[in-house]
Amino acid sequence: MGYEWLALAAASLWAVAALISVKPARHLGAFAYSRWRMFLVSLMLASASLITGGWQTLTESALPLLALSGLIGIFVGDTALFACMNRLGPRRSGLLFSCHALFSALLGLWLFGEQLGGWRLVGALLVLAGVMLAILFGRRGNAQQHNEWEQVRGHLAVGIALGLTAALCQSLGAIIAKPVMMAGDVDAVSASGIRMGSALLAHCALRMLRVPLAMPHNPINRQVLGMIGINGFLAMALGMTLILVALRQGDVGMVAILSSTTPVILLPLLWWHSGMRPALPAWAGALLATLGTALVLGAG
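Residues numbered from 1 in each chain as written. Predicted model: local features only at pLDDT ≥ 70, side-chain atom pairs only at ≥ 80, totals over all residues. Heavy atoms only, no water.

**Student:** What's the story with the overall build of the chain in this structure? I'm lost.
**Tutor:** Along the chain, the regular secondary structure elements total eleven helices and zero strands. The helix and strand sequence of the chain, counted from the amino end, reads α-α-α-α-α-α-α-α-α-α-α. Taking all 300 residues of the chain together, 53% fall into the buried category. For the chain, the proportion of contacts with a sequence separation of at least 24, taken over those separated by at least 6, is 91%. Approximately 13,100 Å² of the chain is accessible, and the part contributed by carbon and sulfur atoms is 71%. (Helix = DSSP H or I, 4+ residues; strand = E, 2+ residues; numbered from the N terminus. Buried < 20%, exposed > 50% of the residue type's maximum accessible area, 1.4 Å probe, protein only. Contact = heavy atoms within 4.5 Å. Areas by Shrake-Rupley, 256 points an atom, 1.4 Å probe, with all protein chains shown as cover.)

Take a look at the structure:
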């Protein structure tokens, strides 16, 4: 499977996981939710690495980079994303988080000398334009005022800052991990486990210090724990591992652009969940993103 398809598969998994994450994230709070999710995913990845023997591919030189990638991309990035989602809902947070594609493309051009031209450039621009249209015009009329997921909680500026922080950290995390994955001999599941483990340790340190932000809003229960486990498996155990494999094969910018189609994929899922049909410009955005993706895949 080409890296383009891997990035799109990760985007699809993230879209499904986004719906699952809303309730437990608001129940526990961003920090407690992220901590529980990282704990469960760390167990999954560690078990898989031990069973397959993938941990033996990890080198001493790779560990610091993977740990740093996890601290920035997962500990800071994921926590900021869920804090943003708790304030602005999954649709608006998706718009802000999709900016990681632009950040990654610029960083890839600057640091790795990556090139994007011809029909692939046209396709990438269509994908970005489609994502923005799909999210900016994702609701019909004033219907969003009656939808709990569309309500703004707290200051809008704070939510925007959190979303852009999450996007930038996602980009930096991918950039830091790319040299390790380009070596070609590091198991992607084990690499994901190291990234996840470093982020989990940071979260546990905050919890042990009883930092107010790290304390749960409400006690966890079986239903919430089950939702966290499913979300973590889809978004992180599978999704982030697919992204690492894609980074091994392709450019950072292109992987980021294709994986940023999550908000477009989320449109029909939100329609199915809420019963509110997205506006026509949102579907136009989805069509643009689909055409752009077809150009990228066809020219690859």
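**Student:** Would you explain the packing of aromatic side chains in this entry?
**Tutor:** Geometrically, a pair of aromatic rings is defined through the distance of the ring centres and the angle of the planes. One pass over the full model with this rule turns up two aromatic pairs. A ring pair is formed by Trp-36 and Phe-39, whose centres lie 6.3 Å apart and whose planes are at 85°; its orientation type is edge-to-face. Taken together, the residues Trp-36 and Phe-39, both in helix 2 (residues 30-52) and three residues apart, mark about one turn of the helix. Since its relative accessible area comes to 37%, Phe-39 is described here as partly exposed. (Phe/Tyr/Trp six-rings, centres within 6.5 Å; stacked < 30°, edge-to-face > 60°.)

**Student:** Would you mind showing me how to read helix 7 (residues 188-208) here?
**Tutor:** In an α-helix, one full turn covers 3.6 residues, which means residues spaced three or four apart are oriented alike. Spanning 21 residues, helix 7 covers 30 Å between terminal C-alpha atoms, matching the ideal 30 Å at 1.5 Å per step. Inspection of helix 7 places Ala-188, Ser-190, Ala-191, Ser-192, Arg-195, Met-196, Ser-198, Ala-199, Leu-200, Ala-202 and His-203 among the buried residues, and these make up the whole buried set. Where helix 7 is buried, its residues touch helix 2, helix 3 (62-97), helix 6 (156-182) and helix 8 (222-249). (Expected span 1.5 Å × (residues − 1).)

**Student:** Hey, could you run me through the side chain of Asp-78 in this one?
**Tutor:** The residue Asp-78 is located in helix 3 in this model. There is a polar contact of 2.4 Å between the side chain of Asp-78 and the side chain of Arg-37. Every residue in contact with Asp-78, bar those within four places of it in the chain, is listed here: Ser-34, Arg-37, Met-38, Gly-73 and Met-236. (Polar contact = N/O pair within 3.5 Å; in protein donor to acceptor, adjacent residues only side chain to side chain.)

**Student:** Explanation requested: the pattern of salt bridges in the structure shown.
**Tutor:** Scanning the entire structure with this criterion turns up one salt bridge. Asp-78 is the partner of Arg-37 in a salt bridge, and the nearest nitrogen-oxygen pair spans 2.4 Å. You can see Arg-37 sitting in helix 2 and its partner Asp-78 sitting in helix 3, a full 41 residues away along the chain. (Salt bridge = Lys/Arg side-chain N within 4 Å of Asp/Glu carboxyl O.)

**Student:** Would you mind going over the packing of helix 3 against helix 7 with me for this structure?
**Tutor:** Helix packing geometry: the angle between the two helix axes and the distance between the axes. Packing of helix 3 against helix 7 leaves a shortest axis separation of 7 Å and a crossing angle of 55°. As summarised for this structure, helix 3 and helix 7 are arranged oblique, according to the angle between their axes. The handedness of the crossing between helix 3 and helix 7 comes out as right-handed. Facing Leu-63, Leu-66, Ala-67, Ser-69, Gly-70, Leu-71, Gly-73, Ile-74, Phe-75 and Thr-79 of helix 3, the residues of helix 7 in contact are Ala-191, Ile-194, Arg-195, Met-196, Ser-198, Ala-199, Ala-202, His-203 and Leu-206. Classifying every residue of the contact of helix 3 with helix 7 gives twelve nonpolar, six polar and one charged. (Axes fitted to C-alpha atoms, helices over the stretch in contact; angles between N-to-C directions. Parallel < 35°, antiparallel > 145°, perpendicular 65-115°, else oblique. Left-handed = near helix turned anticlockwise from the far one by under 90°. Nonpolar A, V, L, I, M, F, W, Y, C, P; charged D, E, K, R; others polar.)

**Student:** For this particular structure, what's the right way to read helix 1 (residues 3-28)?
**Tutor:** A rise of 1.5 Å per residue sets the reference length of helix 1, with its 26 residues, at 38 Å; its end C-alpha atoms lie 35 Å apart and thus fit the reference within 8%. Maximal helix bending in helix 1 amounts to about 40°, located at Ser-21; proline Pro-24 follows within four positions. The buried fraction of helix 1 amounts to 21 of the 26 residues, a majority that puts the element mostly inside the structure. Immediately downstream of helix 1, the backbone of Gly-29 shows phi near 95°, a positive value. (Bend = angle between axes of the 7 residues up to and from the residue.)

**Student:** Sorry if this is basic, but what is going on with the nonpolar core here?
**Tutor:** Looking at soluble globular proteins, one finds that nonpolar side chains tend to be buried together. Met-196, Leu-244, Leu-247 and Val-255 are the most contacted members of the largest nonpolar core, which totals 44 residues. The contacts of Val-255, once residues within four sequence positions are left out, are Tyr-3, Ala-7, Ile-243, Ala-246, Leu-247 and Gly-250. Ranked by size, the runner-up nonpolar core spans twelve residues in total, among them Ala-30, Tyr-33, Phe-82 and Ile-228. (Core = buried A, V, L, I, M, F, W, Y, C linked by side-chain atoms within 4.5 Å.)

**Student:** Before we go on, may I ask you to explain the packing of helix 2 against helix 3 in this structure?
**Tutor:** It is the contact of helix 2 with helix 3, at a shortest axis distance of 9 Å, that shows an interaxial angle of 130°. Regarding the angle of helix 2 to helix 3, the classification is oblique. Note on packing geometry: the crossing formed by helix 2 with helix 3 is right-handed. For the pair helix 2 and helix 3, the contacting residues are Ala-30, Phe-31, Tyr-33, Ser-34, Arg-37 and Met-38 in the first and Ile-74, Phe-75, Asp-78, Thr-79, Phe-82, Ala-83 and Asn-86 in the second.

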